[in-house]
Amino acid sequence: GAVVSQHPSRVICKSGTSVKIECRSLDFQATTMFWYRQFPKQSLMLMATSNEGSKATYEQGVEKDKFLINHASLTLSTLTVTSAHPEDSSFYICSARDPSGGTDTGELFFGEGSRLTVL
Amino acid sequence: GNSVTQMEGPVTLSEEAFLTINCTYTATGYPSLFWYVQYPGEGLQLLLKATKADDKGSNKGFEATYRKETTSFHLEKGSVQVSDSAVYFCALRDFGGNTPLVFGKGTRLSVIA
């Protein structure tokens, strides 16, 4: 199946700093990527839909200015957590659909996830 | 809107026991249905999927059948192993490029020897 890679897998930062997480589609081009957030022992919450060449679409309650999403190319989307605080500590996961092959089976491919810890 | 409801855990089973994790969904269209698994400290892995009514997805001894009449996609395994201990997420997705996956809350399974 298609491969999506996230980097870094783990990051620890000080409160007030910004952290960038990269999501790459390695063997396909993704016009759309999705960013999810997972709190400990909870489900995945959709944060935003990242669209190549245009602004991301954020879900209700997600702060656009805190979670900056950029989708500058067909293989890369980035999530920047600005002025991070301890409550931003979480597991962030990106996913994408592989549009090649013509038929959409609905499957999304996930990155490995990035665990952010803000001290 | 679309939603997924799955049984709450945690579920604790002895090795070789039979597993069922219930999942029901609400959808306006005809979505694809998925089970994802998350092992401790890791990301999500697709376990199995079904794209239309009466399809049966299967993988690693796990099975789930897309039941349109009951809007269900229950996960089953005949004989669980300790290595199956993980969190299992039921999910659905409508067709279309910009539609995300909608997840259930997840069910934590612990299998003891």
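Residues numbered from 1 in each chain as written. Chains lettered and ligands numbered in written order. Predicted model: local features only at pLDDT ≥ 70, side-chain atom pairs only at ≥ 80, totals over all residues. Heavy atoms only, no water.

1. Focus: the environment of Tyr 36 of chain A
Residues and elements named next belong to chain A. Condition: Going along the chain from the N terminus, every DSSP run of H or I of four or more residues is numbered as a helix, and every run of E of two or more is numbered as a strand. Here's how the labels work: a residue is buried when its accessible area is under 20% of the maximum for its type, exposed when over 50%, partly exposed in between, all with a 1.4 Å probe on protein chains only.
Locating Tyr 36 in the fold gives a position in strand β4 (residues 32–38). Among the residues examined, Tyr 36 registers a relative accessible area of 1% and is labelled buried. Along the sequence, Tyr 36 and Ser 95 sit 59 residues apart, while their C-alpha atoms lie 8.0 Å from each other.

2. Some thoughts on the sheet that holds strand β7 (residues 56–59) of chain B
All names here are of chain B. Selection rule: Any two strands between which DSSP finds at least two bridges are classified as paired. To get an axis, fit a line to the C-alpha atoms, keeping to the stretch in contact for a helix; angles then go from 0 to 180 degrees between the N-to-C directions.
Sheet architecture is open: 4 strands sit in the order β3-β9-β8-β7, paired in antiparallel fashion. With partners counted over all chains shown, the strands left at the sheet margins are β3 (19–21) and β7, one partner each. For this sheet, the mean inter-axis angle between neighbouring strands, taken without regard to orientation, is 15°. In terms of strand pairing, β7 meets strand β8 (residues 62–65) through 4 bridges, oriented antiparallel. Counted as the bridge partner of Lys 56 is Thr 65 from β8.

3. Section: unusual backbone geometry
Peptide bonds are mostly trans, and most non-glycine residues show a negative phi. A cis amide bond links His 7 of chain A with the next residue in sequence, Pro 8 of chain A, at an omega value of 0°. Relative to the assigned elements, Pro 8 of chain A resides in the loop between β1 (4–7) and β2 (10–13). Note that the residue after Gly 9 of chain B, namely Pro 10 of chain B, is joined by a cis bond; omega there is 0°. With respect to the element layout, Pro 10 of chain B can be found in the loop between β1 (3–6) and β2 (11–14). In this structure, Ser 83 of chain A is a non-glycine residue whose phi angle is positive, near 40°.

4. Remarks on the side chain of Ser 77 of chain A
Residues and elements named next belong to chain A. To be explicit about the condition: Only heavy atoms matter for contacts: two residues are in contact if any of them lie within 4.5 Å across the pair.
Looking at where Ser 77 falls in the secondary structure, it is placed in strand β8 (residues 76–81). Take Ser 77: its relative accessible area is 0%, and that puts it in the buried class. Apart from the residues within four sequence positions on either side, Ser 77 is in contact with Ile 21, Glu 22, Cys 23, Met 33, Trp 35, Ser 50, Ile 69, Asn 70 and His 71.

5. Side note on the state of the cysteines
Stated precisely, the cut-off is as follows: Two cysteine sulfurs form what is called a disulfide whenever their separation falls within 2.5 Å.
Taken as a whole and assessed by the stated rule, the structure comprises 2 disulfides over all chains. Two residues share a disulfide in this structure: Cys 23 of chain A and Cys 94 of chain A, whose sulfurs sit 1.9 Å from each other. Since a negative S-S torsion denotes a left-handed disulfide, the Cys 23 of chain A-Cys 94 of chain A link at about 80° is right-handed. One end of the pair, Cys 23 of chain A, is in strand β3 (residues 19–25); the other, Cys 94 of chain A, is in strand β9 (residues 90–96), with 71 residues separating them in the sequence. Comparing Cys 23 of chain A with Cys 94 of chain A, the two get one shared label, buried. Each sulfur in the disulfide pair Cys 23 of chain B and Cys 90 of chain B lies 1.9 Å from the other. Linking Cys 23 of chain B and Cys 90 of chain B, the disulfide has an S-S dihedral of approximately -70° and is accordingly described as left-handed. Within this pair, whereas Cys 23 of chain B is found in strand β4 (residues 23–26), its partner Cys 90 of chain B is found in strand β10 (residues 86–93), the two being separated by 67 residues in sequence. Residue classification places Cys 23 of chain B among the buried positions, given a relative accessible area of 1%. Among the residues examined, Cys 90 of chain B registers a relative accessible area of 1% and is labelled buried. Left unpaired, Cys 13 of chain A is separated from the closest cysteine sulfur, that of Cys 94 of chain A, by 19 Å. Among the residues examined, Cys 13 of chain A registers a relative accessible area of 9% and is labelled buried.

6. Description of the pairing of strand β7 (residues 67–73) of chain A
Residues and elements named next belong to chain A. Taken together, the 5 bridges between β7 and β8 define a ladder with antiparallel strand orientation. When the bridges of β8 are listed, Phe 67 appears paired with Val 81. Linking two consecutive strands that pair antiparallel, namely β7 and β8, is a turn of 2 residues.

7. Observations regarding the sheet that holds β8 of chain A
Residue and element names in this part refer to chain A. In space, the 4 strands of this open sheet follow the order β1-β3-β8-β7, with antiparallel pairing throughout. Every other strand in the sheet has two partners, leaving β1 and β7 as the edge strands with one partner each. Direction aside, the axes of adjacent strands within the sheet are offset by 15° on average. One ladder, built from 4 bridges, connects β1 with β3; its direction is antiparallel. What sits directly across from Val 4, in β3, is Ser 25.

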